[in-house]
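Close look at the chain arrangement
Residue-level listing of the chains:
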Amino acid sequence: MTVFTNPVLPGMYPDPSVCRVGDTYYLANSSFEYFPGLPLHSSTDLVTWTPVGHAVDRPGQAALLDLAGVPDSGGLYAPTLRHHDGVFFLACTVVGGGADASFLLTATDPAGPWSDPVFLEGARGIDPTIFFHEGRAWWAGCRLAEPGAYPGQTEIWLRELDPVAGRLLGQEHILWTGAVAGAVWAEGPHLYAHDGWIYLVAAEGGTERNHAVSVARSRVVTGPYVGNPGNPILSHRQLGATASVQNVGHADLVEAGDGSWWALALGVRVRDGGHLLGRETFLAPVGWESGWPVVNPGAGRLGERGSTPFTSADAPTPADLHDTFPPGPLAAHWLGVRGPASGAHTAADGLHLESPPPATTTGADTGAVGSTSTPPPAPRTPTAFLGYRLRHPDLLAGIHLVLPHPGVTAGLALRQSDGFGLRIELAHAPAGWAVTAIAREAGVDTVLGRMRLGHVAAGAVLGLSAELSAAGVAFSVTVAGVTSLVALTDAALLTTERAGGFVGTLVGPFVSGEPGHPVTITAFDYAPLP
Ligand code: 6LW
């Protein structure tokens, strides 16, 4: 038995999709504009999730997907992961780039290599799913109904799939428009065979407070589907604004080896009316009653805790991180924005992070990949940034850096989007070195606090940190072993409720200013606070 606390996969891991191969479960999540994209985890107990890699981890894949051209919260949406005949299939959509289309990736080992994307002609909309049944393969997706009976009405459509050629075949079938009349965004469909029925599980209500999961069933995959009279089978919308976990929806079900069923769904942890960790992956048991799935029987919502009857083959991933950027490839927990962070290199003394030249950058925070036909959504300063997912409501994160060249600015950023974030930065002004804490809201920077350091010896190592708690975000600087508070500020502008979009907050080092002067970051530390 393994006891769990929800979320089982904390931090920005939305739109979970899960499949089982023998005793091992594999999980895929959305990753939007970040690279490497489409994180994959494995587990033997459905609780302890170990990173196994990313389905999009080559610059060439990012270029084919035009990741460099996607806006904030565009990019790689809601994937579906399935395993059939020894092959992993991953269906996904890239949104907002030049490509803006659904595609298929395949691999025989989830750790890779994954194929280049195969774009499916005619696969309109988002949230594709794949279903292998009785020797045939099917592809379903979600798109706006045109014309819809009301604004935001979507339809779940289905066609047969040739999984080898990556082609849709035959006639299209409209399966479902959602359970509740007037509900927007029936989306995130998944199909399952159970007890002589085909079940269609889909989210609806939108990924905000009204999010929910509903189910319909049919004797044949092409329909007609009849809704569960007990719909929705999962939501927290009825709990009201004070619930600590909200926006629950977008579930994928999996049958365990012992015949038990489980759901992985997204939810958000709310503090002061908002969430800034992004949409996280939660686990719930699923029972069957009168031919319909019941999520968390007897409770009807996600539990704070629970247990599975399985044991883990892996040790849990430690919550603390002390990364000294050892020579070699950058650890996969580091994310680049819209492509690999090209200004980042590991060396014997740590990370060398260098501002990209203005002429070749496509925007903040990115080592651009591929060609960019779409202009960036907002003017941005060329910045090199590496991001690490925040996973805890209370945490301390910091970097140590060697005093940089006076022509560059280096710091620690809490990134929500290009337009929204908080940061602390070290820069040289005529009066000497100064550390400044800055809030960025809707693209406008406001100074929160500044500390003049005056003369600092060349080669000195300084610390910059951000402490996140119910009190807000405290930015501090450490010079010669003395730590001083630079600013204490509200964390609200890191929340999705304020910044919009689909992603959680990342923390990590950034460098802007003159190219050609890499800044040495000797360590990054992250630790949850009690
Ligand atoms: C995704 C949709 C959703 O495509 O949010 O919560 C969208 N569900 O299914 C972005 O993650």
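Residues numbered from 1 in each chain as written. Predicted model: local features only at pLDDT ≥ 70, side-chain atom pairs only at ≥ 80, totals over all residues. Heavy atoms only, no water.

The next subject is the pattern of salt bridges. Per the counting criterion, the structure on display carries 20 salt bridges. Taking the shortest distance from any N to any O, the salt bridge between Arg415 and Glu33 comes out at 3.4 Å. Note that Arg415 is positioned in strand β32 (residues 408-415) and Glu33 in the loop between β3 (24-28) and β4 (34-35), a separation of 382 residues in sequence. Glu33 shares its class with Arg415; the two are buried. The salt bridge partner of Arg423 is Glu425, with a shortest N-O separation of 2.8 Å. The same class applies to Arg423 and to Glu425, which are both buried. Because the salt bridges share partners, they merge into one network encompassing Glu33, Asp72, Arg338, Arg415 and Asp418. (Salt bridge = Lys/Arg side-chain N within 4 Å of Asp/Glu carboxyl O. Helix = DSSP H or I, 4+ residues; strand = E, 2+ residues; numbered from the N terminus. Buried < 20%, exposed > 50% of the residue type's maximum accessible area, 1.4 Å probe, protein only.)

What follows covers the site of the ligand. Taken together, 13 residues sit near the ligand, with Asp15, Asp127, Thr207, His250 and Arg279 positioned nearest. Contact distances for the ligand include 2.4 Å between an oxygen atom and a side-chain N or O atom of Asp127. Out of a free accessible area of 290 Å², the ligand has 99% covered by protein chains. Contributions of two or more residues to the shell around the ligand are made by β7 (75-84) and β11 (126-133). Taken together, the residues of the shell around the ligand sort by class into six nonpolar, three polar and four charged. (Near = heavy atom within 4 Å. Polar contact = N/O pair within 3.5 Å; in protein donor to acceptor, adjacent residues only side chain to side chain. Areas by Shrake-Rupley, 256 points an atom, 1.4 Å probe, with all protein chains shown as cover. Nonpolar A, V, L, I, M, F, W, Y, C, P; charged D, E, K, R; others polar.)

Here we come to the confidence of the model for the protein chain. Per-residue confidence for the protein chain gives a mean pLDDT of 94, with 95% of residues at or over 70. Predicted confidence is poor over residues 360-379, with pLDDT under 50, and the contacts of this stretch with residues over four places away or in other chains come to 46 contacts. (pLDDT = per-residue confidence, 0-100. Contact = heavy atoms within 4.5 Å.)

With that out of the way, let us pick up unusual backbone geometry. In this structure, Pro36 follows Phe35 across a cis peptide bond, with omega equal to 0 degrees. If you trace the backbone, Pro36 turns up in the loop between β4 and β5 (37-43). A cis amide bond links Glu146 to the next residue, Pro147, at an omega of -5 degrees. Summarising the element assignment, Pro147 is placed in the loop between β12 (136-144) and β13 (154-162). Here Asp85, not a glycine, exhibits a phi torsion of approximately 55 degrees, which is positive. Within the secondary structure, Asp85 sits in the loop between β7 and β8 (87-95).

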